[in-house]
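Structure assessment
Here's the letter readout for the chains.
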Amino acid sequence: MVRRMSEPKPVILSGIQPSGHLAIGNYLGALKNWVELQDRYDCIFLVVDLHALTVRQVPAELRRRCLSFAAQYIACGIDPEKSAIAIQSHVPQHAELGWVLNTITYMGELNRMTQFKDKSARHNQNINVGLFSYPVLMAADILLYQADLVPVGADQKQHLELTRDVAQRFNNLYSPTFTVPEAFIPKVGARIMSLQDPTKKMSKSDDVEGNYISLLDPPNVITRKIKRAVTDSGTEVRFDEGSAGLANLITMYSVLSGLDIPAVEAHFAGKMYGHLKVELAELTVETLRPVQAEYARLMEDSAYLDGILARGAEDCRGRARKTLSKVYRKVGLVPAAR
Ligand code: ATP
Ligand code: LTN
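Structural notes, computed from the coordinates. (Residues numbered from 1 in each chain as written. Chains lettered and ligands numbered in written order. Predicted model: local features only at pLDDT ≥ 70, side-chain atom pairs only at ≥ 80, totals over all residues. Heavy atoms only, no water.)

What to know about the site of ligand 2
Residues in close proximity to ligand 2 total 14 residues, the closest being His 51, Tyr 134, Met 138, Asp 141 and Gln 156. Between a nitrogen atom of ligand 2 and a side-chain N or O atom of Tyr 134, the distance comes to 2.7 Å. Between a nitrogen atom of ligand 2 and a side-chain N or O atom of Asp 141, the distance comes to 2.6 Å. Against a free-state accessible area of 370 Å², the protein chains account for coverage of 92% of ligand 2. Those elements giving two or more residues to the shell around ligand 2 turn out to be strand 1 (11–16) and helix 7 (129–144). Looking at which element gives the most residues to the shell around ligand 2, the answer is helix 7, with 4 residues. When its residues are assigned to classes, the shell around ligand 2 shows 7 nonpolar, 6 polar and 1 charged. (Near = heavy atom within 4 Å. Polar contact = N/O pair within 3.5 Å; in protein donor to acceptor, adjacent residues only side chain to side chain. Areas by Shrake-Rupley, 256 points an atom, 1.4 Å probe, with all protein chains shown as cover. Helix = DSSP H or I, 4+ residues; strand = E, 2+ residues; numbered from the N terminus. Nonpolar A, V, L, I, M, F, W, Y, C, P; charged D, E, K, R; others polar.)

The structure is reproduced here in structure tokens:
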């Protein structure tokens, strides 16, 4: 399709919860694609702090992490001149639209969500209503901006399908209001696995540090974690789903190097698992080196970061207000006198 200069770019919206340490799984499954898509789309990238409240947080740490995550987005290549970066709670319309969408989402739909099942098993002392209705707030994030595309890892596919269902339901109940968004899930790297237990997904808020690589881990820590990653006792570097640990390392190498899986296998032909681990560690360290340097620089300049977040929130509020007032009018709420 030829797009004229004057035509508005399609909208991208995505977000990451400021829980734990931003991990290589988040980078390969989501952030890296944000960077690659930002030239062709009108992008909004959120630090979804309201979502993070669905599990217990230490307030001072959560506050610090919000800024740190925004700085890591920029350090990874999100250009604040091209894309809006904002903290979710700075835009009150997220919670407001979330409420309206709660009233057209069914308990049965949310009961089926696998992330809710996993998280309620992990946090069985705190199965709160927010954790249950989490996907509705996510739908609000996306629909507020009439997003066309949502770049996420494979674990979010189900939430995206719910978002589409809710958008279509609203459009049918009232009149066309929301763009029905598509998920953008990468073919390789959409589900990076835990290093110590490659049958479960890598997760940034894992209690066991050896399970994930943080974007801010120093080189020796990255190398140690990869060296200790669990694999079977084979030798040949061949991609096989049945060998989850090895397949995970090959996948990471593939996405970081830009080589497809057969090319990675060819590169390691005749070599052992150990070679793959050494080279993967080097590649990870070299990929993260400039990110960490830029991150350190940004964290020294809090005025710059604050400015970007203020600008991002302002931009988002303007756009969100338009959608929300339409929604309020359509469902029959009385407009406030001005
Ligand atoms: P938490 O452990 O706090 O639940 P998480 O690591 O699962 O966090 P999210 O904030 O839920 O991360 O997800 C942020 C983005 O990273 C989403 O797009 C998600 O799909 C993606 N993502 C998360 N984990 C992985 C993974 N292991 N592989 C690929 N993408 C992932
Ligand atoms: N639920 C997502 C985080 C998230 C999100 C969003 C992703 C919240 N709102 C909007 C994309 C678009 C997760 O990764 N757990």
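Topic: helix 9 (residues 219–227)
Three or four residues apart is the spacing at which side chains of an α-helix point the same way, because the helix has 3.6 residues per turn. Those residues of helix 9 not exposed but buried are Val 221, Ile 222, Lys 225 and Ile 226. For helix 9, the arc enclosing every buried residue in end-on projection is 130°, short of the 170-degree limit, so these residues lie on one face. Summarising the geometry of helix 9, the exposed residues directed more than 90 degrees from the buried face are Asn 220 and Lys 227. Looking at the buried positions of helix 9, the neighbouring elements they touch are helix 12 (273–299). (Buried < 20%, exposed > 50% of the residue type's maximum accessible area, 1.4 Å probe, protein only. Arc of directions from axis to C-beta. Contact = heavy atoms within 4.5 Å.)

What to know about the site of ligand 1
Taken together, 21 residues surround ligand 1, and among them Ser 19, Asp 155, Lys 201, Ser 203 and Ser 205 come closest. Here an oxygen atom of ligand 1 sits 3.2 Å away from a polar atom, N or O, in the main chain of Gln 17. One of the backbone N or O atoms of Gly 25 is found 3.1 Å from a nitrogen atom in ligand 1. Protein chains shield 97% of the accessible area of ligand 1, which is 600 Å² for the free molecule. When residues of the shell around ligand 1 are assigned to their parent elements, the largest contribution, 4 residues, is made by helix 1 (residues 24–37). Residue classes in the shell around ligand 1 are distributed as 6 nonpolar, 10 polar and 5 charged.

A look at the nonpolar core
Ranked by internal contacts, the top residues of the largest apolar core, which has 59 residues, are Ile 24, Leu 31 and Tyr 73. Counting residues per element, this core draws most heavily on helix 12, at 9 residues. Counting 38 residues, the second largest nonpolar core, distinct from the first, contains Val 11, Leu 13, Ala 140 and Phe 178. (Core = buried A, V, L, I, M, F, W, Y, C linked by side-chain atoms within 4.5 Å.)

Topic: the side chain of Arg 65
When you line up the elements, Arg 65 lands in helix 3 (residues 59–76). Leaving out residues up to four positions away in the same chain, Arg 65 has contacts with Pro 18, Ser 19, Gly 20 and Gln 57.

Digging into unusual backbone geometry
A positive phi is found at Gln 146, a non-glycine position, where the angle reads about 55°. The exposure class assigned to Gln 146 is buried, which follows from its relative accessible area of 18%.

Description of the packing of aromatic side chains
Inspection of the entire model under this criterion finds 6 aromatic pairs. Aromatic pair Trp 34 and Phe 45: ring centres 4.5 Å apart, planes at 5°, arrangement stacked. Residue Trp 34 is located in helix 1, and its partner Phe 45 is located in strand 2 (residues 42–47); the two are separated by 11 residues in the primary sequence. By the burial criterion, Trp 34 is buried, and Phe 45 matches it. Plain terms: the ring middles of Tyr 253 and Phe 268 are 5.1 Å apart, the flat faces sit at 80° to each other, and that makes the pair edge-to-face. Here Tyr 253, found in helix 10 (residues 244–257), pairs with Phe 268, found in the loop between helix 11 (261–267) and helix 12; they are 15 residues apart in sequence, far enough to count as distant. Across the pair, Phe 268 and Tyr 253 agree in class, each one buried. Cluster of aromatic residues (ring-pair linked, three or more members): Trp 34, Phe 45 and Tyr 73. (Phe/Tyr/Trp six-rings, centres within 6.5 Å; stacked < 30°, edge-to-face > 60°.)

Considering the pairing of strand 1
Among the 6 residues in strand 1, 5 count as buried, and that is most of the element. Taking the sense of rotation as the criterion, the β-α-β connection linking strand 1, helix 1 and strand 2 turns out right-handed. (Right-handed = clockwise from strand over helix to strand, strands pointing away.)

Here's the deal with the packing of helix 3 against helix 12
When two helices pack together, their arrangement is given by the angle between the helix axes and the distance between those axes. The contact between helix 3 and helix 12 brings their axes to 8 Å, and the two run at 135°. Classified by the angle between their axes, helix 3 and helix 12 sit oblique to one another. Our pair here, helix 3 against helix 12, has a crossing hand that is right-handed. Packed against helix 3, whose contacting residues are Leu 67, Ser 68, Ala 71, Gln 72, Ile 74, Ala 75 and Cys 76, the element helix 12 presents Val 291, Glu 294, Tyr 295, Leu 298 and Met 299 at the interface. Taken together, the residues of the contact of helix 3 with helix 12 sort by class into 9 nonpolar, 2 polar and 1 charged. (Axes fitted to C-alpha atoms, helices over the stretch in contact; angles between N-to-C directions. Parallel < 35°, antiparallel > 145°, perpendicular 65-115°, else oblique. Left-handed = near helix turned anticlockwise from the far one by under 90°.)

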